[in-house]
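# Tertiary structure, described
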Amino acid sequence: MSEPLFSRVALIGIGLIGSSLSHVMRREKLAGEIVISTRSEVTLKRAEELKLGDRYYLDAAEAVKGADLVIVCVPVGACGAVAKTIGPHLAEGAIVTDVGSVKAAVISAMKPHMPDGVHFIAGHPVAGTEYSGPDAGFASLFENRWCILTPDSDSDAGATARLTAFWEACGSHVDTMDAEHHDLVLAVVSHLPHIIAYNIVGTADDLETVTKSEVIKYSASGFRDFTRLASSDPTMWRDVCLNNKEAILEMLSRFSEDLSALQRAIRWSDGDALFKLFARTKDIRHQLVEAGQESAAPNFGRENEKGEPAE
């Protein structure tokens, strides 16, 4: 790429997603300058030690000045406050986006603070690991993953096209959808699995008849997978639950109904019903692999959190 897509990109928040964006922007030369802002002095210092940016600010309002792309990489519950802080300081023509896994609530919280002439397009890279913080990022995080954009009827087509090109240059496939539909889909494929994982690991921890040492000692791959999900950032998942409440409650209700049916099949030794369920759901795994959304390689074949090739 002869010229960077954006002359100055401001990253507000520098956790897993923000630091991974920094790495891939460096690798692909997508930004002329990277500016980083975070409220924590310790985190900002670490980002500087890792050379994730070109300039560093504790004040988000200072960080966004002159930026033609602003990416808000904070928990969804903090997006509104960030938008209020940076709104008056955004350059005319700038594109503002986010990376949260909830879209309707984020749009409602951020859009009112966007001044005329600034293009706000909510987004969600569907990628992540259980790690967090500036050390967790790696350039290949977004490769062969989806990024969902949720422009509305007021969104500028040119700005949406530029943001699409940015995420494609990061390695992502890009799709667009309505914000409410996004939240329902993600409640099924992401939010509900994480909530179930947190609950199962919590249940195992609470059981007095099974010691913690036995849970850890005899954990099979199923429980280990749950602990991976359940080790994700607590602040992020608290905010997801509070900001996608209706969709999550709807999915939990449906899950509870299906769980009751499974419970009845086990209670009444209905082997046919159990086999049909397990055979049907096994096929989903094959579809994920065929769609390129899963691999037998550790960490989906990506580099690890230190930027080294996965073994």
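Just above, that's the structure.
Quick look at the structure, then. Being a predicted model, the structure only gives us computed values, none of them experimental. (Residues numbered from 1 in each chain as written. Predicted model: local features only at pLDDT ≥ 70, side-chain atom pairs only at ≥ 80, totals over all residues. Heavy atoms only, no water.)

## A short note on the side chain of S232
As for its placement among the helices and strands, S232 is situated in the loop between α9 (221-230) and α10 (234-243). When neighbours within four sequence positions are excluded, S232 is seen to be in contact with E130, H194, Y198 and W237. (Helix = DSSP H or I, 4+ residues; strand = E, 2+ residues; numbered from the N terminus. Contact = heavy atoms within 4.5 Å.)

## Thoughts on the packing of aromatic side chains
Following the criterion strictly, the structure yields three aromatic pairs and no others. Taking 5.3 Å as the distance between ring centres and 75° as the angle between the ring planes, the aromatic pair formed by F142 and W167 counts as edge-to-face. Within this pair, whereas F142 is found in the loop between β7 (123-125) and β8 (146-149), its partner W167 is found in helix α6 (residues 157-169), the two being separated by 25 residues in sequence. W167 matches F142 in its accessibility class, with the two residues each being buried. One aromatic cluster is present, formed by F6, F142, F166 and W167 through successive ring pairs. (Phe/Tyr/Trp six-rings, centres within 6.5 Å; stacked < 30°, edge-to-face > 60°. Buried < 20%, exposed > 50% of the residue type's maximum accessible area, 1.4 Å probe, protein only.)

## Let's talk about the packing of helix α7 (residues 179-206) against helix α11 (residues 245-267)
Interhelical geometry of α7 versus α11 gives an angle of 65° and a closest axis separation of 9 Å. Viewed along their axes, α7 and α11 form a crossing whose handedness is right-handed. Between α7, through D183, L184, A187, V188, H191, L192, I195 and I196, and α11, the contact on the second element is made entirely by A247, I248, E250, M251, L252 and F255. Broken down by class, the residue content of the contact of α7 with α11 amounts to 11 nonpolar, one polar and two charged. (Axes fitted to C-alpha atoms, helices over the stretch in contact; angles between N-to-C directions. Left-handed = near helix turned anticlockwise from the far one by under 90°. Nonpolar A, V, L, I, M, F, W, Y, C, P; charged D, E, K, R; others polar.)

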